Amino acid sequence: MNVRPIEIRWHADLPVFAKESFLKAVGDEYGWLGGFSGSGETRCILPYTVVRKAVFRMARFRVETIAVSADFGIPEEKEFLNGAMDHLRSIGVDMVIPATTNAIFRTYPDGADAAPYGSYVIDLAKTEDALWKGIKPGTRQNIASAKKDGVNVRSGPEFLEICYRLVRDTFKRSKISFMSLEAFRRYIAGLGEHGKILVAEYGGVIHSASVFAFSSPCVYAIYGGNLPEARQGTMKLIQWEAMRLFRSLGVRRFDLVGARIDPPKGSKQESINAFKRYFGATLIRGYMWKYPFRPLPYRLYGLATRVRGGGDIVDSERHKLEGFRPPES
């Protein structure tokens, strides 16, 4: 497997997070790596960003490896990722930090620290009636009740600031930091016409909001937030209306983005997974991982994440790796 940088040639049949304007918005450096067979056939693509913090250069993937050939298998992907690590090392990257939670890898390179992770995905090729019937009765009831009581779902860039406040404050209630308003503006601008903000209004007040990033293969429900006293069903109604909207635009899958594998009973993570599962979504299983190139910066990064929040997602989930059933294809 030959791995080398390639020209960015994004189009709407590729995941939205491979888009150059998006990569530029979220990274100090960015690019695409291509994987090639011995005969020169392009087998896969992996977009990446590099974020600079103080003197450190940290690579982060915003989407998993994109297969170009239908028969691109897991052993070949592992070989490609090993080559990708060699390239990133050669350009002076200090480490690879965990990918964004929409990026579920089928495998990971030799020497990586890895953990099981997944995401709940809905097939939008189904009819609208089949999608509705696939939703659990309790969730359907919440959605119908919200609509009956006059909850209105709206979309537009004018909701950017209220969406930001709802997401930021929702994260804060869970003691999770969120990006600045300026960074959020860049994020949305980087998506361009492939990003949408949907809000649920009730009684003249915005109760819930969600950000969606999309292209033909998939729409991702990236960020969501609610008022502490939000009317029941407002976020569920947003997700349902988003399913209808993006299905009408020809998008093939709806990704509810990020799921911990087998979270503890009664935990908040279990509740979040249930919210997604009740929409008729299927759990896609894979891996989240990080990779050290320079030991000292990697240790300092680990210390900083533990001090700030008890460690990163790989640290908190890696104990589940033993006995994990990996993806089959």
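Residues numbered from 1 in each chain as written. Predicted model: local features only at pLDDT ≥ 70, side-chain atom pairs only at ≥ 80, totals over all residues. Heavy atoms only, no water.

**Let's talk about the overall build of the chain**
Across its full length, the chain carries 10 helices and 13 strands. Against the 2.2 N^0.38 benchmark of 20 Å for 329 residues, the chain shows a C-alpha radius of gyration of 20 Å, consistent with a compact globule. Seen through its C-alpha atoms, the chain measures out along the principal axes to roughly 60 × 45 × 40 Å. Evaluated residue by residue, the chain yields a buried proportion of 51% over its 329 residues. Of all intrachain contacts in the chain linking residues separated by at least 6 positions in sequence, the fraction that spans at least 24 positions is 72%. Total accessible area on the chain is roughly 15400 Å²; 51% of this is exposed by carbon and sulfur atoms. Distance between charge centroids for the chain: 5 Å, based on 48 positive and 35 negative side chains. (Helix = DSSP H or I, 4+ residues; strand = E, 2+ residues; numbered from the N terminus. Rg over C-alpha atoms; globule rule 2.2 N^0.38 Å. Buried < 20%, exposed > 50% of the residue type's maximum accessible area, 1.4 Å probe, protein only. Contact = heavy atoms within 4.5 Å. Areas by Shrake-Rupley, 256 points an atom, 1.4 Å probe, with all protein chains shown as cover. Lys, Arg positive; Asp, Glu negative; His and termini not counted. Charge placed at Lys NZ, Arg CZ, Asp CG, Glu CD.)

**Some details on the packing of helix H4 (residues 137-148) against helix H7 (residues 234-248)**
Angle between the axes and distance between the axes are the two parameters that describe a pair of packed helices. Axis separation between H4 and H7 bottoms out at 9 Å; the angle between their running directions is 95°. The orientation of H4 relative to H7 falls into the category roughly perpendicular. Packed against H4, whose contacting residues are Thr139, Asn142, Ile143, Ala146 and Lys147, the element H7 presents Lys236, Leu237, Trp240 and Glu241 at the interface. Residue classes in the contact of H4 with H7 are distributed as four nonpolar, two polar and three charged. (Axes fitted to C-alpha atoms, helices over the stretch in contact; angles between N-to-C directions. Parallel < 35°, antiparallel > 145°, perpendicular 65-115°, else oblique. Nonpolar A, V, L, I, M, F, W, Y, C, P; charged D, E, K, R; others polar.)

**Considerations on the side chain of Asp113**
In this structure, Asp113 sits in strand E7 (residues 113-123). Take Asp113: its relative accessible area is 19%, and that puts it in the buried class. Within the structure, Asp113 has its side chain in polar contact with the side chain of Arg318 (distance 3.1 Å). The contacts of Asp113, once residues within four sequence positions are left out, are Met288, Trp289, Lys290, Tyr298, Val314 and Arg318. (Polar contact = N/O pair within 3.5 Å; in protein donor to acceptor, adjacent residues only side chain to side chain.)

**Structural notes on H4**
Residues spaced three or four apart along an α-helix face the same direction, because each turn holds 3.6 residues. Between the first and last C-alpha of H4 there are 16 Å, a value that for 12 residues agrees with the 16 Å anticipated at 1.5 Å per step. For H4, the set of buried residues is Thr139, Asn142, Ile143 and Ala146. Each buried residue of H4 sits inside an arc of 95° when the element is viewed along its axis, so together they form one side. Along H4, the residues that are exposed and aim more than 90 degrees away from the buried face are Pro137, Gln141 and Lys148. Following H4 by one or two positions, Gly150 has its phi on the positive side, about 95°. (Expected span 1.5 Å × (residues − 1). Arc of directions from axis to C-beta.)

**Side note on the nonpolar core**
If you look at the biggest cluster of nonpolar residues, it comprises 35 residues, and the most contacted ones within it are Phe17, Phe184, Tyr187, Ile222 and Tyr223. Elements with a minimum of two residues in this core: helix H1 (20-26), helix H5 (160-173), helix H6 (181-191), strand E9 (195-202), strand E10 (205-215) and strand E11 (218-226). The greatest single-element share of this core, amounting to five residues, is contributed by H5. Residue contacts for Phe184: discarding those within four places in its chain leaves Leu160, Cys163, Tyr164, Phe178, Met179, Val211 and Tyr223. Ranked by size, the runner-up nonpolar core spans 34 residues in total, among them Tyr48, Val50, Ala84 and Ile261. (Core = buried A, V, L, I, M, F, W, Y, C linked by side-chain atoms within 4.5 Å.)

**Topic: the pairing of strand E2 (residues 29-36)**
A large share of E2 lies buried, amounting to six of its eight residues. Note: strand E1 (residues 2-6) against E2, five bridges, orientation antiparallel. Within E2, the position partnered with Arg4 by the bridge is Gly34. Pairing of E2 with strand E3 (residues 42-53), which is carried by eight bridges, proceeds in the antiparallel orientation. Within E3, the position partnered with Glu29 by the bridge is Val50. (Pairing = 2+ DSSP bridges.)

**Regarding helix H2 (residues 74-90)**
Over its 17 residues, H2 extends 24 Å from the first C-alpha to the last, a length consistent with the 24 Å expected when each residue adds 1.5 Å. The inward-facing, buried residues of H2 abut E1, E2, E3, strand E4 (56-60), strand E6 (95-96) and strand E13 (282-292). Two residues or fewer past H2, Gly92 is found with a positive phi of approximately 85°.

**Re unusual backbone geometry**
Look at Lys175: it is not a glycine, yet its phi comes out positive at around 60°. With respect to the element layout, Lys175 can be found in the loop between H5 and H6. A positive phi angle is found at Asp262, which is not glycine, with a value near 50°. Here Asp262 lies in the loop between strand E12 (253-255) and helix H8 (268-277). Residue Asp262 is classed as exposed on the basis of its relative accessible area of 62%.

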